[in-house]
Amino acid sequence: MIGQPSSIERRSGVSLWRQIADQILRSIAVGDFAENTALPPEVALAERYGVNRHTVRSAIAALVQDGVLRAEQGRGTFVLSRKRLSYPIGARTRFSEGLQGQASERRSVLLESAVEPASRRVAEGLGLAKGSSVIRLETRGEADGQPVSRATGWFDAKRFAGIETAIAETGSVTASLQRFGISDYLRQSTVLSARHADAADLADLDLQPGAIVLVTVAVNVTPDGQPIQFAETRFPAERVELKLSAL
């Protein structure tokens, strides 16, 4: 039995075709549109979602480009079999280890770094005074060459001077922290949410406008409880699922 679609918000600021694409993605996720089977005809989808066929056609074209659907001339549009990466979040959350067995090549790419005064939120996360000097790192996580995460991380500038060089050289936060004498660290807290990707994430994660990202805001600490990293990470929901375990 096919579930009822969510209502379309015509004044939400998100284009109708993107909303229809998101609806189709949800239907695929819950099994309404099964993998390796044909989508209903455009006219049926237009009736289902209460839009015209041109809007449906634009949504389908975007999902074909994203590798979700396959269009075959004279046969219709089919749902491709595609498995999302499962990223575990637990007491020891590591990008490379978390994707082991799912991707042969895993790395973090440094996009930008800067030294700046800590905002109240960052200072609280790192246990510093507001305005303290922190290093901000902008990184992109890649699995087999595909962008799967976009992170903004902050570190105490006094304790971790030069960590941007370590990240650029090693492609790993864990390996970089080892250069500062930190052989192990733990996840103290993680807050989860979801939102539409902003312009920067659309570009860095190679997403279409209106795409959804899963957001984690996290604090990592040494085994004795000293905060070492405050980070916000965005994951493209169409490529990654988050698997939570006890912290």
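Residues numbered from 1 in each chain as written. Predicted model: local features only at pLDDT ≥ 70, side-chain atom pairs only at ≥ 80, totals over all residues. Heavy atoms only, no water.

**Some remarks on the overall build of the chain**
Along its length, the chain carries 8 helices and 10 strands. Considered along the principal axes of its C-alpha atoms, the chain spans approximately 60 × 40 × 30 Å. In the chain, which comprises 247 residues, the share counted as buried stands at 43%. A fraction of 57% describes how many contacts in the chain between residues 6 or more apart in sequence connect residues 24 or more apart. For the chain, the accessible area works out to roughly 12700 Å², and carbon and sulfur atoms hold 49% of it. Taking the average place of the 30 positive charges on the side chains of the chain and the average place of its 28 negative ones, the gap between the two points comes to 2 Å. (Helix = DSSP H or I, 4+ residues; strand = E, 2+ residues; numbered from the N terminus. Buried < 20%, exposed > 50% of the residue type's maximum accessible area, 1.4 Å probe, protein only. Contact = heavy atoms within 4.5 Å. Areas by Shrake-Rupley, 256 points an atom, 1.4 Å probe, with all protein chains shown as cover. Lys, Arg positive; Asp, Glu negative; His and termini not counted. Charge placed at Lys NZ, Arg CZ, Asp CG, Glu CD.)

**Some details on the sheet that holds strand S6 (residues 146-156)**
What holds strands together in a sheet is hydrogen bonding between their backbones, with the strands either parallel or antiparallel. The antiparallel open sheet is built from 6 strands, whose spatial order is S4-S5-S6-S9-S8-S7. Here the strands that pair on one side only, and so sit at the sheet edges, are strand S4 (106-117) and strand S7 (186-196). Sheet twist, expressed as the mean angle between neighbouring strand axes with direction ignored, is 20 degrees. Bridging between S4 and strand S5 (residues 133-143) involves 11 bridges; their strand directions are antiparallel. The residue bridging leucine 110 from the neighbouring strand is threonine 139, located in S5. With respect to the sheet, helix H6 (residues 163-170) is in contact with S4, S5 and S6, its orientation differing from that of S5 by roughly 10 degrees. (Pairing = 2+ DSSP bridges. Axes fitted to C-alpha atoms, helices over the stretch in contact; angles between N-to-C directions.)

**Examining the pattern of salt bridges**
The final tally for this structure, using the stated rule, is 20 salt bridges. One salt bridge connects arginine 136 with glutamate 138, and the closest N-O pair in it is separated by 2.8 Å. Here the two residues arginine 136 and glutamate 138 agree in accessibility, since each one is buried. As a salt-bridge pair, arginine 179 and glutamate 169 come within 2.7 Å of each other at their nearest N and O atoms. Separated by 10 residues along the polypeptide, arginine 179 in the loop between helix H7 (173-178) and S7 and glutamate 169 in helix H6 bring together distant segments of the chain. Take glutamate 169: its relative accessible area is 55%, and that puts it in the exposed class. One network of salt bridges, in which partners are shared, links Glu112, Glu116, Arg136, Glu138, Arg150 and Asp204. (Salt bridge = Lys/Arg side-chain N within 4 Å of Asp/Glu carboxyl O.)

**Brief notes about the pairing of strand S2 (residues 76-79)**
Examined bridge by bridge, strand S1 (residues 69-72) and S2 share 4 bridges and lie antiparallel to one another. Looking at S2, one finds that leucine 69 is bridged to valine 79. Here S1 hands over to S2 after 3 residues, with glycine 74 in that stretch at a positive phi of 85 degrees.

**What about the nonpolar core?**
With 18 residues, the main nonpolar core has Ile24, Phe33, Leu39 and Leu69 as its most contacted residues. Of all the secondary structure elements, the ones that give two or more residues to this core are helix H1 (16-29), helix H2 (42-49) and helix H3 (53-65). Ignoring anything within four residues of it in the chain, the contact list for isoleucine 24 reads Phe33, Leu39, Tyr49, Ile60 and Leu63. With 12 residues, the next largest nonpolar core counts Phe95, Val148, Phe235 and Val240 among its residues. (Core = buried A, V, L, I, M, F, W, Y, C linked by side-chain atoms within 4.5 Å.)

**Some remarks on the packing of aromatic side chains**
Scanning the entire structure with this criterion turns up 5 aromatic pairs. Ring plane angle 45 degrees and centroid distance 6.3 Å describe the contact between tyrosine 87 and phenylalanine 95, whose orientation is recorded as tilted. Taking 5.7 Å as the distance between ring centres and 40 degrees as the angle between the ring planes, the aromatic pair formed by tryptophan 154 and phenylalanine 230 counts as tilted. Here tryptophan 154, found in strand S6, pairs with phenylalanine 230, found in strand S9 (residues 227-236); they are 76 residues apart in sequence, far enough to count as distant. This pair shows no difference in class: tryptophan 154 is buried, exactly as phenylalanine 230 is. (Phe/Tyr/Trp six-rings, centres within 6.5 Å; stacked < 30°, edge-to-face > 60°.)

**Description of the domain arrangement of the chain**
Taken domain by domain, the chain holds domain 1 (16-79) and domain 2 (85-244). Centre-to-centre separation of domain 1 and domain 2, based on C-alpha positions: 33 Å. Between domain 1 and domain 2, the residue contacts involve 5 residues of the former and 7 residues of the latter. Between domain 1 and domain 2 the total buried area reaches about 540 Å² when both faces are included, carbon and sulfur atoms providing 46% of it. (Domains from an automatic or database assignment. Buried area = accessible area lost by both parts, 1.4 Å probe.)

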